[in-house]
Amino acid sequence: MKNQEVAKFLYEMADLLDILGVAWKPNAYRRAARTIEMLSEAIEDVYARGKTAALKDLPGVGDAIASKIEEYLKTGSVKELRALEKKVPKGVDEMMHVQGLGPKKAWRLYHELKIHNLQELEKAAKEHRISKLEGFGEKSESEILQSLGLHSAGQARRLLLTGLDTARELEKRLARFGTAIAAGSVRRRRETIGDIDILVSASKAKPVMDYFTTMPDVQRVLAKGDTKSTVILGNGMQADVRVLDEKLFGAALQYFTGSKDHNVKVRQIAIKKGYKLSEYGLVSRKTDRIIAAKTEEEVYRKLGLPYIEPELREDSGEIEAALKGRLPKLIGYDDLRGDCHMHTTWSDGENSTEDMVKAAIARGYDYVAITDHSKSTVIANGLDEKRVLKRIAEIDKLQKKYPQIAILKGSECDILKTGELDYKPAILKQLDVVIASVHASMKMNREDMTKRYLRAIDSGFVTAIGHPTGRLINSRQPFDFDLERVASAAAKAGVAFEINANPARLDLKDSHIRAASQLGARFLIDTDSHSADHLRLMELGIAQARRGWLEAKDVLNTLPRQKFLKAIQR
DNA sequence: GCCGTTTTCGGCCCGACTGTTTTCAGTCG
């Protein structure tokens, strides 16, 4: 899958064109890059299917970009990119990504001060050569130095859980001034969060600005204005606050929830209807009167659209579906009746089986599956056959003590290199839930890994494939395998895909969920908890399912106890 | 460079904040 590589070269083209002052093209390249970045199908498969004509079907890809993608896929590089790179030294591109510098300033620093890289930039700032340039001042100079410090510290996007927890803390603090809601990618529940955008509806903005910029954990104030401020928090996350009148809150929420691409499209609809849309409402261009602003529902309705859930707002077909009345009725955050993947002190969990059962009861679940590791995952103290049998006896006892919940005997059973499962049928037969996962030999080639999964599915013992792609966000690449083939086989065999709610996994990811469900696959949303506290992570898995357009009927563990037990019989 | 219910040319989302300015360009989201 070369999607990320292709997206990367398109982003590079965009940056370079930006620096050279070329108008509009950068936007076009970024739009195409975003499309390909989010695509679930491999770009080389799209190309193989229909050459450049198929590429041109992708939104934002036209003749020119299609042929550049073709060139990249065939030769591994693009002539025009190399030509641009000759015109623009690498350092200018680096400088452009320093906070406070954009293409224009980076270009001037290169030309007027002959700065070629970040080291020289730091040196020039320290020697006060930058403040002498027209349009730059002492502030810009110290701003650059501060940003460089952060730059080297690495400002990677943070996991959703971090963003969500931080956002909720800020919402709580700001609630004293009025309604406070985190918009942006947190509200859309993206798997990673760049910064946090909090909206506050309050009559007076100044007290909010003063409070927000002087909270004890503010590390640095990037901006403080009349209605908008930006800070860096102690945990390194950037947070924006914006104060708006209550009457405009819906329009503002719509605006700041994004995504950018979703908003561009919604705004185009507004323009066609003779309106303009901003955080100050849907406004008639002729009369300047506000058409809608108080609620998001109202804004969408006046544009001829039904309400679109934040998790869908990625311009990945939701607007077209909305226009046709074909939006999915997304699975709800309270729809799950059980959690089917968790570990205890029997393997590498931190709590006893009973603790986990009690925690599941506290969450109101109808069933819970205890799925410790199988014997091959030695590092996690996987259970051999003897211990599996002991564990089954333990669960029988617990079941008598806690009749209000079905305690399912399970295993997170390794799929060995060959595609065989880690236990023999005699053991597997005694288990209610088998989550089959790959934990070793993760770098197999595409064909072998695909066959490995297909063989596991064929065994007839598998309830669900656990964390199917094996990726760890920001740290491990996904396994290489043919998701479509595996999804089709799983759908046919009645094997579910897991949506693993662990914030570093979120595996399958949104676009894969959507692709697999279109092939008829069904899902199990699980936490993979290694402690009782982890059961709360379920909401992240549900969010991911919603981003993958799933309805309750697509997810097995929305079923009530008896129906669920029937559905997982093998 | 892309795109089309104002369609093959001429738009392309829209506004806040900052610094260095005396009216605005650049950057950001």
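In terms of strand pairing, strand β5 (residues 218–224) meets strand β6 (residues 228–233) through five bridges, oriented antiparallel. Opposite Lys224, over in β6, you have Ser229 as the bridge partner. Linking β5 to β6, which pair antiparallel, is a turn of three residues.

A word on the environment of Ile130. With respect to the helices, strands and loops of the structure, Ile130 is situated in the loop between α8 (118–126) and α9 (138–153). Overall, the presence of 25 C-beta atoms within 10 Å leaves Ile130 in the buried class. Ile130 sits 65 residues away from Ile65 along the chain, and the two C-alpha atoms are 37 Å apart.

Along the chain, Arg30 turns up in helix α2 (residues 25–38). By C-beta crowding, Arg30 is classed as buried, having 22 other C-beta atoms within 10 Å. The spacing of Arg30 and Ala7 is 23 residues in sequence and 8.3 Å in space, taken between C-alpha atoms.

Right, let's talk about unusual backbone geometry for a bit. Most peptide bonds are trans, and most residues other than glycine sit at a negative phi. Of the consecutive residues Gly258 and Ser259, the connecting peptide bond is found in the cis state with omega at -5 degrees. Secondary-structure assignment places Ser259 in the loop between α13 (249–257) and α14 (260–272). Phi is positive for Trp24, which is not a glycine, with a value near 70 degrees. When you line up the elements, Trp24 lands in the loop between α1 (3–19) and α2. Assessed through the 8 C-beta atoms surrounding it within 10 Å, Trp24 is described here as exposed. In this structure, Asp528 is a non-glycine residue whose phi angle is positive, near 55 degrees. Here Asp528 shows up in the loop between β17 (523–526) and α23 (538–547).

What follows concerns the protein's contact with DNA strand B. Near DNA strand B there are 43 residues, and of these Gly62, Gly102, Lys105, Gly137 and Gly225 occur at the shortest range. Elements with a contribution of two residues or more to the surface near DNA strand B: α2, α4 (63–75), α7 (103–113), α9, β4 (195–201), β5, α14 and β8 (275–278). By residue number, the principal contributor to the surface near DNA strand B is α14, which donates seven residues. Classifying every residue of the surface near DNA strand B by side-chain character gives 13 nonpolar, 14 polar and 16 charged.

Another point: the packing of helix α3 (residues 43–56) against α4. In the contact formed by α3 and α4, the axes pass within 10 Å of each other and the chain directions differ by 145 degrees. Considering only the axes of α3 and α4, their crossing is left-handed. Seen from α3, the contacting residues are Ile43, Glu44, Tyr47, Thr52, Leu55 and Lys56; seen from α4, they are Asp63, Ala66, Ser67, Ile69, Glu70 and Leu73. Of the residues contributing to the contact of α3 with α4, the split by class is six nonpolar, two polar and four charged.

Considering the arrangement of structural elements, one finds Phe256 in helix α13. Considering only alpha carbons, one finds Phe256 and Gly50, 206 residues apart in sequence, at a separation of 38 Å. With sequence-adjacent residues up to four places away left out, Phe256 is seen in contact with Ala183, Gly184, Asp197, Leu199, Arg242 and Glu279.

Spatial ordering of the open sheet is given by β11-β12-β13-β14-β15-β16-β17, a layout of seven strands whose pairing is parallel. Looking at the sheet topology across the chains shown, the edges are occupied by β11 (338–339) and β17. Two strands pair when backbone bridges link them, and strand β12 (residues 367–370) and strand β13 (residues 406–414) are joined in this way by four bridges, in the parallel orientation. The residue bridging Ala369 from the neighbouring strand is Leu408, located in β13. Lying over the sheet, helix α17 (residues 353–362) contacts β11, β12 and β13, oriented at roughly 155 degrees with respect to β12. The strands touched by helix α18 (residues 385–401) are β12 and β13; relative to β13, the strand with the most contacts, the crossing angle is about 160 degrees.

For the rest of this paragraph, the subject is the domain arrangement of chain A. If you check the domain split of chain A, you get domain 1 (3–153), domain 2 (158–244), domain 3 (250–323) and domain 4 (338–567). Using C-alpha coordinates to define each centre, domain 2 is positioned 36 Å away from domain 4. Listed per partner, the contact involves six residues of domain 2 and eight residues of domain 4. Residue classes in the side of domain 2 that touches domain 4 are distributed as three nonpolar, one polar and two charged.

Residues Ile198, Val368, Phe523 and Ile525 are the most contacted members of the largest nonpolar core, which totals 120 residues. If you tally residues by element for this core, the top one is α13, at six residues. Phe523 has contacts with Ala496, Phe497, Ile499, Ala545, Leu550, Asp554, Val555 and Leu556, leaving out every residue within four places of it along the chain.

Quick notes on the rules
- Residues numbered from 1 in each chain as written.
- Chains lettered and ligands numbered in written order.
- Predicted model: local features only at pLDDT ≥ 70, side-chain atom pairs only at ≥ 80, totals over all residues.
- Pairing = 2+ DSSP bridges.
- Helix = DSSP H or I, 4+ residues; strand = E, 2+ residues; numbered from the N terminus.
- Buried ≥ 20, exposed ≤ 12 C-beta atoms within 10 Å, placed from the backbone.
- Near = placed C-beta within 6 Å.
- Nonpolar A, V, L, I, M, F, W, Y, C, P; charged D, E, K, R; others polar.
- Axes fitted to C-alpha atoms, helices over the stretch in contact; angles between N-to-C directions.
- Left-handed = near helix turned anticlockwise from the far one by under 90°.
- Contact = placed C-beta atoms within 7 Å.
- Domains from an automatic or database assignment.
- Core = buried A, V, L, I, M, F, W, Y, C linked by C-beta atoms within 7 Å.

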